[in-house]
Each structure stands twice: as structure tokens, then as C-alpha cells.
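# Structure at a glance
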Amino acid sequence: MKGWRGLAVGAAAVAVAVAGCGTSTNDSGGNSGEAKTLTVWLMDGSAPETLTNALNKEFQDSHSGVTVNYEVQKWTGIQEKLTTALASNNPPDVIELGNTQTAKFAADETLLDLSGDVSNLNGDQWLGGLKDSLTWNGKQYGMPFYAANRTVVYRTDLFQAAGIEPPKSRDEWVAAIEKLKTANAADPEFQSLYLPGQSWYALLSFIWDEGGDVAKAQGSAWAGALNTPEAKAGLDFYKKLVDTSGTKAPKDVDEATPQQFEVFAKGKVGMMIALPWELGSAVKADPTLKDKTAAFPIPSKTAGKTAPVFLGGSNLAIPGGSKNQDLAKEYLKLLSSAKYQDQLAEAGAVPGTSKDTAKLATSPLGKALAASAPTGKVTPTTPTWAAVEAGQNPLKDMLTAYLTGAKSLDQATSDANTALSKTLGG
């Protein structure tokens, strides 16, 4: 699972030390003055410290006798740490989960069903893709926290020199790539678009834009959908981008090998399909990029629309074994309010329980994120999806095979579909 900042959930086991969650099993909501401790686990880098400090203080001030035991967790090893904690007799009361992890813990019956509380958590403001990520068997096992998605980061100075405006369709995007290539033809190292062969998160946008998907639910099971005409059309457009972009990225690696922001920062790249943190890292490597970079949404094949994007991010959930479930619900309710959702947006994230992105759309990058998010989607909500990403990812193998010519489009999609169905079927 990759979160919106590109942090990967590791596989190393971490010993768990679960803090006390109060001595009483009778949860009255915390307003009676009875001493209680609400233990909250959020992930490193998720929410600004100014937000969590204000949130925890306001919650404690409005709940006499309640102390918020706020703990920041590391992504590395968190799945194993959560598994251990949720199986204990004294789990934390509020936890953050990557949105591709939620289905696993819901299926394990370790999370509290919050279906009856959705209206109290601004449920009518949840983005569809984020809601899908925490829905299991028709029930909601959490609340969206935040998300982010990929946009096309570009060099404004190079666009201006080549007479290019941010494209509004896929055809315009390809035309912009060609114009950049022509304008920089004297530089043999120049790449109009840096696009590694196995950037499958970007591929998802093109498949979804064609009306396809990587997999479809068949009752309670899932099966691959990569051999459909729509999925093939998405893959074919990906190849068109690679072939016209002048990219020198290997066809058998993803955007993390090497980190694509490092390549972008060297100044020989016009565009990259990237997450917000990648632009930030590029600017850190070369501060001069700050004033000559911007972003636009991944364009759709339909002019004037944006392609659906993968909404990477996190959900908040309450463990089924929490001894302070009512308090935990009140904590989530406070965090779901406009006051704190606006702070998430100001920090550069797509807010989880608010469709108001005015605080986000105050920069070119923020505007691109805000424009893309409403039609965003997530990967199949099934516990077996984690094995797809952690193992021999069939989408990566498919991309490399097709881009290198090792397999035809039909063969590459057919083989990947068979492998994906096998993994999703357990």
C-alpha cells in the first residue's frame, strides 16, 4: 500500500506496546468527569502538528476528565503492529489505516461498524472513491481522513518557451509532448515526459478513463478485468505516451527506481505524473524549480474533463475492542468538522469529509488536485488486493511485456488477467 506521500507499508514485524485506554468498560461518552484515556494512533506525516494539537486540546476541554493519548506511528511495520494491537484486549481507540488496508481489517472483524454514524461524520460530503475504500459487505468501517492524487507536474518556463498551454484533453497532451520535443531537439538528454514503464498507478487513470477497470466483483469474489476492450485501450494509450515522450526511463521499473523527482530535478524533464510530495522533493533538490513549476490534472480523452485518478490516502477507524467507542465516535465527529477539514486542505491534502476544496485550490498544484479528486477512485476493496501490490504485481509485468514488445497487447492483458484473478481469488 502506498499512501499519498509515497510512504510504503513495510513487512517487518514491529513489537507492539499498546497504551492504556482507561480502566472502565462502561463508556458514558466522557462528559461525566470520570477519568478516561482515549488512545489515538495517527501515522507519521499525516496531519500537521498544529492541527492535532488544536484538535486534542479542544476535545479534552469539551470532555471533562478525558485525556487524549496521542501517538504517532511509523508506516514501516504498521500492518503487523495493528494486527497485534487489534487482537489484544486493550487496543487503541482511534486508528489510521491506509485506504488499501481497510478491507483486510474489516474482513477480519476487528473494526467497529460505523454505518449508523455516517450522518454524524459528514457522510454526505465523502468523495465516492474514499467511501468505497472503507466499505465492506455494504457496511462502513471507518471515516475518510485525507487523500491525494497524481497530477501532471510541468515546467512552466519550458511550456512558455514552446508556446504551450496546459492541455485540456489527451490529444492536446500528446501534442504538447511533441511540441516540447521539437523545441528542445538540440538537447539529446531532454525528455518531454518522464514515464517509467511500470507506473501502474498512472495506468489506472487511462483504464478508468476508457470505462474499464482492473478487476470486477463477482458476488463476494473478485476477478481480473484487464482483458476487456476498455482496459486494452487504456494500456494502448499508456504505450502511446511512452513512445512519444522521449522518456529515457527503464521499462521494467516504477517511479521509485530511481525516484522520479530526482530525475525531474536535474532539469532535463518537461513533465512527470507525480504526487504532491514528489514536487516538493524536486523543489528541495533544486530550489529554482519553485517559481517555474505548476501542475494540471491528468486529462481525459473527452476534452474539458479530467481522467479518474487513484485516490491514495488514509481512513480513520475504531477498533471493535475499544473500551471507549462512544468517545472515539465523538473524536471522529470533531475531526470531520469543517474547521479541521479546512486545515487539512490548507496543508495540501484532499479533505476526507468535505467537498469544499477552496482552501486547497490556492496554488496551481492545489487546483489540479482539487479538480481531479471528485472523480477519483480506489483499487478493488478486497483483503486480497494487498497481495497484488506486495507480490509479483501482474500490472507491472503486463506493462513491461507490452512496452518491450515481448508480448502483444492481447497476450499481455490475457496473461496479466489470469494472474490477477488467481491472486484476488486467494
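Everything numeric in this text was worked out from a predicted model, so none of it was measured.

### Points about the overall build of the chain
Secondary structure assignment for the chain yields 16 helices and 14 strands. Taken against the 2.2 N^0.38 rule, which gives 22 Å for 426 residues, the C-alpha radius of gyration of the chain at 22 Å falls within 12% of a compact globule. Taken over the C-alpha atoms alone, the chain extends approximately 75 × 45 × 35 Å along its principal axes. Here the chain, with 426 residues, has 55% of them falling under the buried criterion. Put simply, the chain shows about 16800 Å² of open surface, and 49% of that area lies on carbon and sulfur atoms.

### So, the packing of helix H1 (residues 49-61) against helix H12 (residues 338-346)
With their axes 10 Å apart at the nearest point, H1 and H12 run at an angle of 170° to one another. The orientation of H1 relative to H12 falls into the category roughly antiparallel. Residues Thr-50, Leu-51, Ala-54, Leu-55 and Glu-58 of H1 form the contact with H12, whose own contacting residues are Lys-339, Tyr-340, Gln-343 and Leu-344. Here the residues of the contact of H1 with H12 are counted per class, giving five nonpolar, two polar and two charged.

### Considering the environment of Leu-134
Relative to the helices and strands, Leu-134 is located in the loop between helix H4 (128-133) and strand E4 (135-136). Residue Leu-134 is classed as buried on the basis of its relative accessible area, which comes to 1%. Considered as a pair, Leu-134 and Gln-101 are 33 residues apart in the sequence and their alpha carbons are 9.0 Å apart. Those residues within four positions of Leu-134 in sequence are excluded, and the remaining contacts are Thr-102, Trp-126, Lys-139, Gln-140, Tyr-141, Gly-142, Met-143, Pro-144 and Asn-315.

### Topic: the confidence of the model for the chain
Detail in the predicted coordinates should be disregarded across regions flagged by low pLDDT. Per-residue confidence for the chain gives a mean pLDDT of 91, with 92% of residues at or over 70. pLDDT under 50 marks residues 1-32. Its contacts with residues more than four places away, or in other chains, come to 99 contacts.

### Section: the pattern of salt bridges
Scanning the model with the defined rule gives 17 salt bridges in all. A salt bridge links Asp-44 to Lys-74; the nearest nitrogen and oxygen atoms lie 3.3 Å apart. Of this pair, Asp-44 sits in the loop between strand E1 (36-43) and H1 while Lys-74 sits in the loop between strand E2 (66-73) and helix H2 (78-86), placing them 30 residues apart in sequence. Taking the relative accessible area as the measure of exposure, Asp-44 reaches 33% and is therefore partly exposed. Ionic pairing is found between Glu-346 and Lys-359, a salt bridge with its closest N-O pair at 3.9 Å. Remark: Lys-359 occurs in the loop between strand E14 (350-351) and helix H13 (364-372) and Glu-346 occurs in helix H12; sequence separation between them is 13 residues. Looking at Glu-346, the relative accessible area reads 51%, which means it is exposed. According to the relative accessible area criterion, Lys-359 is partly exposed, its value standing at 38%. Taken together, the shared-partner salt bridges in this structure form one network comprising Arg-170, Asp-209, Glu-210 and Lys-301.

What counts, and at which threshold
Residues numbered from 1 in each chain as written. Predicted model: local features only at pLDDT ≥ 70, side-chain atom pairs only at ≥ 80, totals over all residues. Heavy atoms only, no water. Helix = DSSP H or I, 4+ residues; strand = E, 2+ residues; numbered from the N terminus. Rg over C-alpha atoms; globule rule 2.2 N^0.38 Å. Buried < 20%, exposed > 50% of the residue type's maximum accessible area, 1.4 Å probe, protein only. Areas by Shrake-Rupley, 256 points an atom, 1.4 Å probe, with all protein chains shown as cover. Axes fitted to C-alpha atoms, helices over the stretch in contact; angles between N-to-C directions. Parallel < 35°, antiparallel > 145°, perpendicular 65-115°, else oblique. Contact = heavy atoms within 4.5 Å. Nonpolar A, V, L, I, M, F, W, Y, C, P; charged D, E, K, R; others polar. pLDDT = per-residue confidence, 0-100. Salt bridge = Lys/Arg side-chain N within 4 Å of Asp/Glu carboxyl O.

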